[in-house]
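# Report on the structure
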Amino acid sequence: MLEKEFYQEVKSRLQKDGFDCVRIESGSTEKGIPDLFVQGNGGDFWVEMKAENAKVLDTKKEKIKVHYRSGQLAWAMRYALAHHGKKHTYTLIHCTDSVIIIDMTRENIAIIEDNFVPIERCEIISLDCWTSYPLGQRLSHNF
């Protein structure tokens, strides 16, 4: 699945859950800003979406490579520090066998080295379960 298709799916699901979603085009905004700003259920959050050609389930991988662009991790760290854990940014990664959710807390961002994310810090949902996964509820659970 391409990142563009994944974005459309995520946006559609969040809108069905009653969230307002705004696509952010970073051509004229701050470098590293996530793909999607989401508001609803009394709060808001940001979502960075990635599509990786990687298999995660049933492998012995301890880390997954995420192709963050220049500035993305720095933006997430600044946002996490500025809001003291009260506002959230997530990275959603569509893999060949699963979808991964990473809560971009300052603790999680700090352990990402060379764009490798430790699997134990991720929530992994198999593609079989993804279509029925309560995405809006999961991403808004912090407010």
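Higher on the page you've got the structure.
A few points on the structure. This is a predicted model, so every value here is computed, not measured.

### Notes on unusual backbone geometry
Unlike most non-glycine residues, Asn41 shows phi in positive territory, near 55°. In this structure, Asn41 sits in the loop between strand E2 (36-40) and strand E3 (43-51). At Asn115, a residue that is not glycine, the phi angle is positive and equals roughly 65°.

### Notes on the sheet that holds E3
The mixed open sheet is built from 6 strands, whose spatial order is E1-E2-E3-E5-E6-E8. Two strands close off the open sheet at either side, each with one partner strand: strand E1 (20-23) and strand E8 (123-126). The average undirected angle you get between the axes of adjacent strands in this sheet is 25°. Lying on the sheet, helix H1 (residues 3-16) is in contact with E1, E2, E3, strand E5 (88-94) and strand E6 (98-103); it crosses E3 at an angle near 155°. Sheet strands in contact with helix H2 (residues 72-83) are E3 and E5, and its direction is about 160° off that of E3.

### Comments concerning the packing of aromatic side chains
Within this structure, the stated rule accounts for 8 aromatic pairs. Summarising the aromatic geometry, the rings of Phe6 and Trp130 are spaced 6.2 Å apart at their centres and angled 45° between planes, so their arrangement reads as tilted. Taken together, the positions of Phe6 in helix H1 and Trp130 in helix H4 (residues 127-130) put the pair 124 residues apart, joining distant regions of the chain. For the pair shown, Phe6 and Trp130 are each scored as buried. When the ring of Trp75 is compared with that of Tyr79, the centres are 4.9 Å apart and the planes differ by 10°; the resulting orientation is stacked. Of this pair, Trp75 and Tyr79 both sit in helix H2, 4 residues apart, which is roughly one turn of that helix. With a relative accessible area of 13%, Tyr79 lands in the buried category.

Calculation criteria
For every chain, the first residue of the written sequence is number 1, and numbering continues from 1 along that sequence. Per-residue local features of the predicted model are confined to residues with pLDDT of at least 70, and side-chain atom pairs are confined, for both listing and counting, to 80 or more; whole-chain, interface and lining totals are unaffected and use all residues. Only hydrogens and water are set aside; all other atoms, that is, all heavy atoms of the structure, feed into the side-chain values. Numbering goes from the N terminus for both helices and strands, where a helix is a DSSP run of H or I of at least four residues and a strand is a run of E of at least two. Paired strands, in this sense, are two strands between which DSSP finds at least two bridges. Axis definition: a line fitted to C-alpha atoms, limited for helices to the stretch in contact. Angles are taken between N-to-C directions and run from 0 to 180 degrees. Contacts were defined at the residue level, with two residues in contact if any of their heavy atoms lie within 4.5 Å. Side-chain rings of Phe, Tyr and Trp (the six-membered ring for Trp) are treated as a pair once their centres are within 6.5 Å; stacked means planes under 30 degrees apart, edge-to-face means over 60, and tilted covers the remaining angles. Accessible area is worked out with a 1.4 Å probe on protein chains only. A residue is then buried under 20% of its type maximum, exposed over 50%, and partly exposed in between.

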